[in-house]
Amino acid sequence: MPIGDWFKKQERNTARSPAVEKRIIPDGVWEKCKGCNEPLFVKELERNLKVCPKCFFHFPVSAYERIYQLTDLHSFEELWGDLIPGDPLGFAANKPYIDSLAKAKDKTGLNEAVVCGRARIDGFQVAIAVMDFGFIGGSMGSVVGEKIKRITELATREYLPLIIVCSSGGARMQEGMISLMQMAKTSAAIARHQDQGLPYISILSHPTTGGVSASFATLADIIIAEPHALIGFTGARVIEQTIRQKLPKDFQTAEFNLAHGMVDMVVNRLELKRMVARLLDYLGASGVKE
Amino acid sequence: MRRFAYDFERPLIELEEKLDAIKRTESAGKEDIAAQIAYLEKQIEKLRVRTYSNLTPWQKVQIARHPDRPRTSDYIEAIFTDFIELHGDRTFRDDLAIIGGFARLDGAKVMVIGHQKGRNTKENLLRQFGMPHPEGYRKALRLMHLANKYRLPLITFVDTPGAYPGIEAEERGQAIAIAQNLAELSRLEVPVIVANIGEGGSGGALAIGFGDVMIMLENSYYSVITPEGCVSILWNGEGNPEQAASLLGLTADRLKELGIIDAIVKEPLGGAHHAPALVARDLKKELVKALKDLIKLNPKELVEKRYARLSQIGYYIENPVKAPVEK
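Residues numbered from 1 in each chain as written. Chains lettered and ligands numbered in written order. Predicted model: local features only at pLDDT ≥ 70, side-chain atom pairs only at ≥ 80, totals over all residues. Heavy atoms only, no water.

### Quick notes on the confidence of the model for chain B
Detailed conclusions should not be drawn from predicted coordinates in areas where pLDDT is low.
Here's step 1: Confidence along chain B averages 94 in pLDDT terms, with 95% of residues attaining 70 or more.
Here's step 2: On the interface metric, ipTM, the complex scores 0.95, and its pTM is 0.92. (pLDDT = per-residue confidence, 0-100.)

### Concerning the interface of chain A and chain B
Here's step 1: Counting from both sides, the interface comprises 61 residues of chain A and, opposite them, 52 residues of chain B.
Here's step 2: Across the interface of chain A and chain B, roughly 4,900 Å² is buried in total on both sides, 69% from carbon and sulfur atoms.
Here's step 3: For the pair chain A and chain B, the interface holds three salt bridges.
Here's step 4: For Arg150 of chain A, the salt bridge identified is with Glu318 of chain B, shortest N-O distance 2.6 Å.
Here's step 5: Those elements that provide at least two residues to the side of chain A that touches chain B are strand 4 (84-85), helix 5 (142-157), helix 6 (176-195) and helix 8 (236-243) of chain A.
Here's step 6: Counting residues per element, the side of chain A that touches chain B draws most heavily on helix 6 of chain A, at 17 residues.
Here's step 7: Relative to strand 9 (residues 316-317) of chain B, strand 4 of chain A runs antiparallel, the two being bridged by two bridges. Residue pairing across strands places Pro85 of chain A opposite Tyr316 of chain B, the latter belonging to strand 9 of chain B. (Contact = heavy atoms within 4.5 Å. Buried area = accessible area lost by both parts, 1.4 Å probe. Salt bridge = Lys/Arg side-chain N within 4 Å of Asp/Glu carboxyl O. Helix = DSSP H or I, 4+ residues; strand = E, 2+ residues; numbered from the N terminus. Pairing = 2+ DSSP bridges.)

### A few points about the pattern of salt bridges
Here's step 1: Counted under the stated rule, the structure contains 41 salt bridges over all chains.
Here's step 2: The partner of Glu226 of chain A in a salt bridge is Arg66 of chain A, with the nearest N and O atoms 2.8 Å apart. Highlighted residues: Glu226 of chain A in the loop between strand 9 (222-225) and strand 10 (231-232) and Arg66 of chain A in helix 3 (residues 63-70), separated in sequence by 160 residues.
Here's step 3: Overall, the relative accessible area of 3% leaves Arg66 of chain A in the buried class.
Here's step 4: Note that Glu189 of chain B and Arg151 of chain B form a salt bridge whose closest N and O atoms lie 3.1 Å from each other. Of this pair, Glu189 of chain B sits in the loop between helix 8 (174-187) and strand 5 (192-201) while Arg151 of chain B sits in the loop between helix 6 (134-149) and strand 4 (154-160), and the two are 38 residues apart along the sequence.
Here's step 5: Since its relative accessible area comes to 45%, Arg151 of chain B is described here as partly exposed.
Here's step 6: Through salt bridges with shared partners, a single ionic network connects Glu146, Lys149, Arg150 and Lys185 of chain A together with Glu318 of chain B. (Buried < 20%, exposed > 50% of the residue type's maximum accessible area, 1.4 Å probe, protein only.)

Below, the structure is given as structure tokens:
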């Protein structure tokens, strides 16, 4: 076969593939795995906690999905869901901050990037906060800071273990220094929870970086990371630009953090609830076993 | 040698250089030259006022970064007596991007911690331009513990573009090091006074940068992200740092309006490096005043007050009233 023909065939193949994909992956029923490219039945993917059954790729989950996966059925009671963000600086870069907020609300159905409340995990009573990366990259502005502070204070007041599932790019720059100060505010609240001798488990999902990784996310007794989650302080691009050298392949992954002693364990989402419950038991949490 | 100057200072510096050149010529002293010198000096004064009187936020950021700007060590020397520097995090190494130790402020024993930039390229390489690694923050943490143990008020100097962005910094837990300092600062049972003398770059600044009283020099800045970083994220590099600096509300004036800081120390026209002794004197006054007020509080009151102060920082709407439905 002449080499030219071989290339022709290749071209035809690549030209056909989008159509093939379209045929076998109609919207909403099938989803292509970002890890192994296999088509996955959406219902099955959801039953599997949004983890690819073939390659264990962890799909992102929304705050409510996470609460559904991690807490006992009907045990979650949401708090402060009506706190809504303002625009302290009148910030408008390529688009006004208030437009970004409105768009995020439409997209996620949430008022802000964190959902908080009381819940049970395998019978253990907990105070829980779950971040949603879909809302402006899970960034921490006034509302996220305030809600994390409040759920932590509630946990301290009611002697409850604290569970926070993180997913955030960091501080929300559209609220300027007010956002940066939320790092100090949330850390101060966590310090009081620690001083009361109460358990705090944080779960770092993809990604946990910047001002969130450098405040409440990493102040826990036990830090759990989800497989392959990006965890670190400075973004890889900024580091590359500064030091002008190539970064290691697994840089800032959950596994990298485990190897360097920054997290206690990397836990597959399918085993997460069970692991949190086992840890809560060791940390002296109380509750009614189901 | 040409003097360092930002673009907006260039016309002024050129005029000053011209004056210097004339003064150096042999004919100096002749009457017509004297008149020319007097005229130039007048022009320079006018231009100086025009250049520095209404600085934009971006120009202030530039002055905050000026290579001749006084560093933490300069203020320690000018403000305190009997400074004893302490080194190391007891775990990995001594990070020279942060310095600290015992000192006396107006006779009172205190602990001082600050970001330390270099004065020249050689020193800046040693001190990483004031950008700490985790061991720098852990050195600071160790000194915070000492301050708490021996009941020494803590005074910090903030002057960093940010925490060091590097592979090793991440490997050794930059995020965790900063977080632990934030938690510790909030529970220290001694007065904590913060003086921002230059750059307050994000989390790397905050890790030694909040307390009971927060003071900023007039041309220092404190920001959630550098203007350049903001441009690269929000505009994908299409905007300019001037716009970003204006949007971020990072100047001392704006942060006082927002209730984040308490006091501003004035600087001479052109910035602190034009009269370092004067700025140090005024900053000392503010530090002494703050310390006098804070030592009246007992440890529990101090901690409660600091917590309450942090607690109220935020801008949000609760229980939004639904607009009445029109009939």
